[in-house]
Number of protein chains: 2
Amino acid sequence: MLRYLGVDAGGTSTRAAVVSADGTCSGIGHAGSGNPVSSGIDHAAAQVMLAARRAIRAAGCPPAQIHSAVAAMAGGRVVSDPDWLTEAAAAEGLPFRFRMESDLHATFASGTARDEGYAVVSGTGALAVRVCDGEIDLVSDGIGWLFGDCGSGFWIGQQVAREALAGLDRRGAPTVLSTALLEFLGLDTAEHGVLEGRPRAVQEIIDVLYSWRPVELGRLAPLAFAAAGDAVAEDIIARGADALATTLRAVRTPEIPGPVVFGGSVLTKQPRMVALVQERSEPFDEVLFTHDGLVGAASLALKRSGISVDEQVYQRLDATVAQQRARAEDRTANAAPPEP
Amino acid sequence: MLRYLGVDAGGTSTRAAVVSADGTCSGIGHAGSGNPVSSGIDHAAAQVMLAARRAIRAAGCPPAQIHSAVAAMAGGRVVSDPDWLTEAAAAEGLPFRFRMESDLHATFASGTARDEGYAVVSGTGALAVRVCDGEIDLVSDGIGWLFGDCGSGFWIGQQVAREALAGLDRRGAPTVLSTALLEFLGLDTAEHGVLEGRPRAVQEIIDVLYSWRPVELGRLAPLAFAAAGDAVAEDIIARGADALATTLRAVRTPEIPGPVVFGGSVLTKQPRMVALVQERSEPFDEVLFTHDGLVGAASLALKRSGISVDEQVYQRLDATVAQQRARAEDRTANAAPPEP
């Protein structure tokens, strides 16, 4: 029986799944960062191969049974040699072809079996994509924290900091975000002194926040959602939802009614945000959520080999990848030394 | 005759002026960065002393005639030892006391002889201060590009980039800023290709802009002012003026009607911005502009020694510092080797 390999290669970890044409996952494997942009090509290739070998071993099938593989990753197509993974695999005695896919395509495919529709993602970054005839044909935003990613976790967290500081600095309306930010940073909320004409709290907050890498500001996003009823926090959330609806609108076309797959921590953990984006959008026929990028990569591995992924196959993929993941976690837990 | 020394110690250069009680400047001197925060205390002290010795030599007066000095700089008061400059001066045989002042105070004092009023500054950063009884008693904004500096050159430049990109990315209204930005960056404005679902121009712009240090985005601010009549550019300028008016409002009090001293390149080079900030503010009794921070430092050197700086003394300071500066520039030009 032929099998197929899907790989979800991220900036912090890489996972691979061995699946068969009916969608059954028979083994998964983990490794470190498989992204060539953040880790370099050699390291990325080694980690993808490690995850692949572990998945194949877990599935208990000979490598010769693997028909082909799809590796989904950010920026993977910009590597000048399109066959860098196929060559790395051949060198390790894994004689099948690797095809690269955008991680955004895997995000879409992780939420639906269909070959057209949209994904809107708000995690650290934010963007929307359109999938048409099984290919991503339009992307909007996702251009990074300094120039875009509007409505992302970074964007919301930065607004929390800006508004909390403006409230302390007499420029903005008073907001509970000021106290919430001081508490979050472990600073004294009862300190009302002035330092060179400026509230001491302002100076203390910026001293801490400028020591962070900018993208870490996404850590402050939950403060906005926790401050329900505060007008300033509500306005941040509403503006974030406006931005995401605008980004989604930028890729929508009447010929493709949907579905819309919502992904990223801001949308999967904050149902209110999804509702607000929906309110601000033209109606779409179905709201779905990303589950696991590995399911999307495995689904694309089947589709790219000409295998039809219908709703039944997709559901089986989703369920059996989850089962194998639970099994792998059990193995890891059992392999750990017993507690003293 | 006693003389007084004013020093304007900036992050890139330091200038010192020797002045007498009637406001006559008799010599100025230049040196490198005198800011202890950006250059370290030892380097800053050495540069301040170099500028001071050069000014004293240009004035042709014995160091013993210098009664006292004021050094205006950003963050200078944060240095734990308040006497770091006085000690450095004594070690060099300059036996007078240095007093530290905020560069913001010198900015205010460079535009007026008065001891109360406001300064609003928009250069790379943006902020407003209130001066009351000859001291800065309130500051708003000026908290840096990531969390504030609203309406600054950085802020305007970042908005130019964001809106130019949103226009190309279908999220924003079409704007001439998109073409203007491509031209400014030397990129092909006729290229309309698509790269992985994204306009190639978007990718090319962000590749360049992410290679800049964020504060360099201030270089893009003039594009907004050059795009007169473009609705997106006009909106950026209006929002910038709103932000500066809000910051100014945050420090205003009815008991102090003015004057308001406008400073920083955005306000001194863009008269429209000053008019827009005025339109959005409660009326104030006088609009003034910062001239030269060195005039402000010299004025504070006199005031801190109990010498009254009236309008006549202030005007003489302003005129004679400018004369000495022109003379110093002539000397530098004449000292250069002749053209071949």
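Here the residue index of a chain counts from 1 through its sequence in written order. Whichever chain is written first becomes A and whichever ligand is written first becomes 1, with later ones labelled in order. Given that this is a predicted model, residues contribute local features only at a pLDDT of at least 70 and side-chain atom pairs are listed and counted only at 80 or more, while totals for whole chains, interfaces and linings are drawn from all residues.

1. Overview of the interface of chain B and chain A
Inference 1: Counting residues at the interface gives 31 residues for chain B, matched by 31 residues for chain A.
Inference 2: Only runs of H or I of at least four residues qualify as helices and only runs of E of at least two qualify as strands under DSSP, and these elements are numbered from the N terminus. At the level of elements, strand E8 (135-141), helix H5 (153-168), helix H7 (200-209) and helix H9 (231-251) of chain B are the ones that each hand at least two residues to the side of chain B that touches chain A.
Inference 3: Ranked by the residues each element gives to the side of chain B that touches chain A, the list is headed by E8(B), at six residues.
Inference 4: Of the residues belonging to the side of chain B that touches chain A, the class tally is 15 nonpolar, seven polar and nine charged. We call two residues in contact if the C-beta atoms placed from their backbones are at most 7 Å apart. Asp, Glu, Lys and Arg are counted as charged, while Ala, Val, Leu, Ile, Met, Phe, Trp, Tyr, Cys and Pro are counted as nonpolar; the rest, among them Gly, fall into the polar class.

2. A look at the packing of helix H4 (residues 103-111) of chain B against helix H12 (residues 293-304) of chain B
Residues and elements named next belong to chain B.
Inference 1: Angles here are taken between N-to-C directions and fall from 0 to 180 degrees, while the axes themselves are lines fitted to C-alpha atoms, restricted in helices to the stretch in contact. Look at H4 against H12: their axes get within 7 Å of each other, and the N-to-C directions meet at 95°. Comparing the axis directions of H4 and H12 gives the class roughly perpendicular. Contact residues: H4 offers Asp 103, His 105, Ala 106, Thr 107, Phe 108, Ala 109 and Ser 110, while H12 offers Gly 293, Val 295, Gly 296, Ala 297, Ser 299 and Leu 300.
Inference 2: A per-class count over the contact of H4 with H12 returns six nonpolar, six polar and one charged. Roughly parallel refers to an angle under 35 degrees, roughly antiparallel to one over 145, roughly perpendicular to one between 65 and 115, and oblique to any angle outside these ranges.

3. Side note on the sheet that holds strand E4 (residues 66-73) of chain B
All names here are of chain B.
Inference 1: The pairing criterion is simple: DSSP has to find at least two bridges between the two strands. Strand order in the open sheet made by the five strands is E3-E2-E1-E4-E5, with mixed pairing throughout. A strand with exactly one partner marks an edge of an open sheet, and here the two such strands are strand E3 (25-31) and strand E5 (97-102). The sheet shows a mean angle of 20° between the axes of neighbouring strands, direction not considered.
Inference 2: Sheet topology places strand E1 (residues 3-9) next to strand E2 (residues 14-20); seven bridges connect them, and they run antiparallel. Across the sheet, the residue bridging to Leu 5 is Val 18, located in E2.
Inference 3: Of the strands in this sheet, E1, E2, E3 and E4 are in contact with helix H2 (residues 41-59), which crosses E3 at around 145°.

4. What about the relation of the copies chain B and chain A?
Inference 1: Copy-to-copy alignment: least squares on C-alpha atoms, limited to residues at pLDDT 70 or above in both. Once chain B has been moved 0.0 Å along the axis and rotated by 180°, it coincides with chain A to within an RMSD of 0.1 Å. Those values place the two copies in the arrangement expected of a two-fold rotation axis. When C-alpha positions in chain B are compared against the rotation axis, the closest is assigned to B:Leu146, at 4.7 Å.
Inference 2: Comparing interface residues between copies, 100% of those in chain B also sit at the interface in chain A, which points to an isologous, same-surface contact.

5. Overview of the environment of B:Pro254
Inference 1: Looking at the secondary structure, you find B:Pro254 in the loop between H9 and strand E11 (260-263).
Inference 2: Taking the C-alpha atoms as reference, B:Pro254 lies 9.8 Å from B:Glu282; in sequence the two are 28 residues apart.

6. Observations concerning the domain arrangement of chain A
Residue and element names in this part refer to chain A.
Inference 1: Where each domain starts and ends follows an automatic or database-derived domain assignment. As far as domains go, chain A holds domain 1 (3-112 + 292-335) and domain 2 (115-285).
Inference 2: The distance between the C-alpha centroids of domain 1 and domain 2 comes to 31 Å.
Inference 3: Across the boundary between the two partners, domain 1 contributes eight residues, which contact 10 residues of domain 2.
Inference 4: Broken down by element, the side of domain 1 that touches domain 2 gets its largest block of residues, five residues, from helix H4 (residues 103-111).

7. Some words on helix H11 (residues 271-279) of chain A
All names here are of chain A.
Inference 1: To sort residues by burial, count the other C-beta atoms lying within 10 Å of each one's C-beta; a count of 20 or more means buried, 12 or fewer means exposed, and anything in between means partly exposed. C-beta atoms are built from the backbone. Among all positions of H11, only Met 273, Val 274 and Val 277 are buried. Along the axis of H11, the buried positions cluster into a sector of 100°, meaning they face one direction only. The exposed set on the far side of H11, more than 90 degrees from its buried face, consists of Pro 271, Arg 272, Ala 275 and Glu 279.
Inference 2: For H11, the elements touching its buried residues are strand E6 (117-122), helix H9 (231-251), strand E11 (260-263) and helix H10 (265-269). Read the arc as the range of directions from the helix axis to the C-beta atoms.

8. What to know about the sheet that holds strand E1 (residues 3-9) of chain A
Paired through their backbone hydrogen bonds, the strands of a sheet run either parallel or antiparallel.
All names here are of chain A.
Inference 1: Pairing within the open sheet is mixed, and its five strands lie in the order E3-E2-E1-E4-E5. Two strands lie at the open edges of the sheet, namely strand E3 (25-31) and strand E5 (97-102), each paired on one side alone. Across the sheet, the mean angle separating the axes of adjacent strands is 20° when strand polarity is ignored.
Inference 2: For E1 and strand E4 (residues 66-73), the ladder comprises six bridges, and the chain directions are parallel. For Tyr 4, the partnering residue across the bridge sits in E4 and is Ser 68.
Inference 3: Each of E1, E4 and E5 is contacted by H4, which is oriented at about 85° to E5, the strand it contacts most.

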